[in-house]
Structures are given as structure tokens and as C-alpha cells.
Amino acid sequence: MEITERVAYLKGLAEGLCLDTESKEGKIIATMIDILDDVALELQDHQNQIIEISDGLDAVSDDLEDVEDIVYDEDDEDYDEEDEEGDDDSEDCYATTCPTCEETVYFDESILEDGEVICPNCGEKLEFDLSGLEENGSDDDEKE
Ligand SMILES: [Zn+2]
């Protein structure tokens with residue numbers, strides 16, 4: 001604790017140099033050192049409290065993450081399983097965002113061929129440009 005150490009040093013210095021606490025200046029300096037001492041101790045208390053609050057927030061944040069895992073888990077697990085197996089089955093999985101409700105909609109290649117998918121959240125019919133998706137793929141794989 002740097003500040004409390006420096007105040008302790010200042011106190012030692014005043015004693016070592018035999019500060020005359022009976023003189024006007026000596027009284028003022030001794031009072032200032034006392035005040036500095038109190039300020040340093042209060043600062044230390046505040047810093048400890050901040051660490052405690054920070055630890056408490058971390059615990060709340062961890063708990064919230066657990067709750068989020070439970071609330072949002074179902075769809076993600078299904079998607080991950082499909083995604084992992086997708087490479088072997090040569091069945092690609094796609095995702096788009098519904099423009100009406102902003103729900104992320106997942107669909108596979110067979111739906112892509114139809115050129116449209118119904119949003120499971122709001123029932124909006126989403127149409128997409130098949131050629132646009134193919135163009136993106138070939139751009140990434142461009143070879144010379
Ligand atoms: Zn929607």
C-alpha cells in the first residue's frame with residue numbers, strides 16, 4: 001500500500017528530525033500528518049471495498065452466464081450437432097437474419113434450392129438470391 005507507507009515514512013521523518021510540535025509551524029505540520037494518515041487509511045478502506053464489490057459483480061456475472069446457458073442452450077446445441085456432422089454429410093447449414101423480427105433463421109441446402117424459408121419466429125417468408133451465395137463461395141476459393 002504505497003500511500004500508507006509514504007505517510008508512515010513522513011511520520012518517522014518528523015519524529016527523527018525532532019519536529020517541534022510546540023511551535024506554530026510544527027503544530028500545523030503535525031496536524032497535516034495526522035490528516036494525511038486518516039486520508040491514507042480511508043483510501044485503503046475504499047480500495048478494499050471496491051475489490052469486494054468487484055468480486056461480488058464477478059460472481060453475479062458468472063451466475064448470469066449459467067442462466068444464459070440454460071435459457072439460450074436448446075437451439076444452439078441442435079445447431080452445433082448439425083454443424084459438426086454437416087461436413088461429413090456434405091449437407092451445408094446456412095443462417096440468415098429475419099428482416100421483420102431479426103430472429104436468426106437456420107436452414108440447410110434443400111431449403112436453399114427452394115429459394116425461400118418461413119421464419120419460425122414470426123412466420124415471415126424469407127426469399128434469398130441463390131446466385132449471390134454461390135458467388136461468395138467461389139470468391140473465397142479463388143485460385144490461380
Ligand atoms: Zn421473423
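Keep in mind that this is a model prediction, so the values were computed, not measured.

Of regular secondary structure, the protein chain possesses four helices and four strands. Helices (α) and strands (β) of the protein chain occur, in sequence order from the N terminus, as α-α-β-β-α-β-β-α. Taken over 144 residues, the protein chain has a buried fraction of 10%. Summarising the internal contacts of the protein chain: among those between residues at least 6 apart in sequence, 23% fall at separations of at least 24. In the structure as shown, the protein chain presents an accessible area of about 11,900 Å², 47% of it carried by carbon and sulfur atoms.

Time to look at the coordination of the zinc ion. The coordination sphere of the zinc ion contains the protein donors Cys98 (SG), Cys101 (SG), Cys119 (SG) and Cys122 (SG), at a distance range of 2.2 to 2.4 Å. Metal-centred angles of 105 to 114 degrees between the four donor atoms at the zinc ion mark the site as tetrahedral. Donor residues binding the zinc ion come from one chain and are separated in sequence as C-x2-C-x17-C-x2-C. Note that Cys101 is positioned in the loop between strand 1 (93-97) and strand 2 (104-108) and Cys122 in the loop between strand 3 (116-118) and strand 4 (125-127), a separation of 21 residues in sequence. With relative accessibility at 38%, the residue Cys122 sits in the partly exposed group.

This next bit is on the pattern of salt bridges. Per the counting criterion, the structure on display carries two salt bridges. As a salt-bridge pair, Lys125 and Glu116 come within 3.9 Å of each other at their nearest N and O atoms. Owing to a relative accessible area of 45%, Lys125 belongs among the partly exposed residues under this scheme.

Turning our attention to the pairing of strand 1. Here five bridges tie strand 1 to strand 2, and the two strands are oriented antiparallel to one another. What sits directly across from Ala95, in strand 2, is Tyr106. Linkage of strand 1 to strand 2, two consecutive antiparallel strands, is achieved through a turn of six residues, within which Glu102 is found at a positive phi near 65 degrees.

Relative to the 21 Å expected for 15 residues at 1.5 Å per residue, helix 1 (residues 2-16) spans 21 Å between its end C-alpha atoms, a close match to the ideal helical length. When we look at burial in helix 1, the residues that qualify are Thr4, Val7 and Ala14. Each buried residue of helix 1 lies within a common arc of 80 degrees when the element is viewed along its axis, so the set occupies one face. With respect to the buried face of helix 1, the exposed residues turned more than 90 degrees away are Glu2, Glu5, Arg6, Tyr9 and Gly16.

The subject of this paragraph is the side chain of Thr4. Within the secondary structure layout, Thr4 lies in helix 1. Residue Thr4 is classed as buried on the basis of its relative accessible area, which comes to 19%. Discounting chain neighbours no more than four positions away, the residues touching Thr4 are Ala40, Leu41 and Gln44.

Bringing the environment of Pro99 into the picture now. Within the fold, Pro99 resides in the loop between strand 1 and strand 2. Its relative accessible area of 67% is what places Pro99 among the exposed residues. Spatially, the C-alpha atom of Pro99 lies 9.7 Å from that of Cys119, the residues being 20 residues apart in sequence.

Rules used throughout
- Residues numbered from 1 in each chain as written.
- Predicted model: local features only at pLDDT ≥ 70, side-chain atom pairs only at ≥ 80, totals over all residues.
- Heavy atoms only, no water.
- Helix = DSSP H or I, 4+ residues; strand = E, 2+ residues; numbered from the N terminus.
- Buried < 20%, exposed > 50% of the residue type's maximum accessible area, 1.4 Å probe, protein only.
- Contact = heavy atoms within 4.5 Å.
- Areas by Shrake-Rupley, 256 points an atom, 1.4 Å probe, with all protein chains shown as cover.
- Donors = N, O, S within 2.8 Å, 3.2 Å for Na, K, Ca; no water.
- Tetrahedral: all angles 85-135°; square planar, octahedral: opposite > 155°, others 65-115°.
- Salt bridge = Lys/Arg side-chain N within 4 Å of Asp/Glu carboxyl O.
- Pairing = 2+ DSSP bridges.
- Expected span 1.5 Å × (residues − 1).
- Arc of directions from axis to C-beta.

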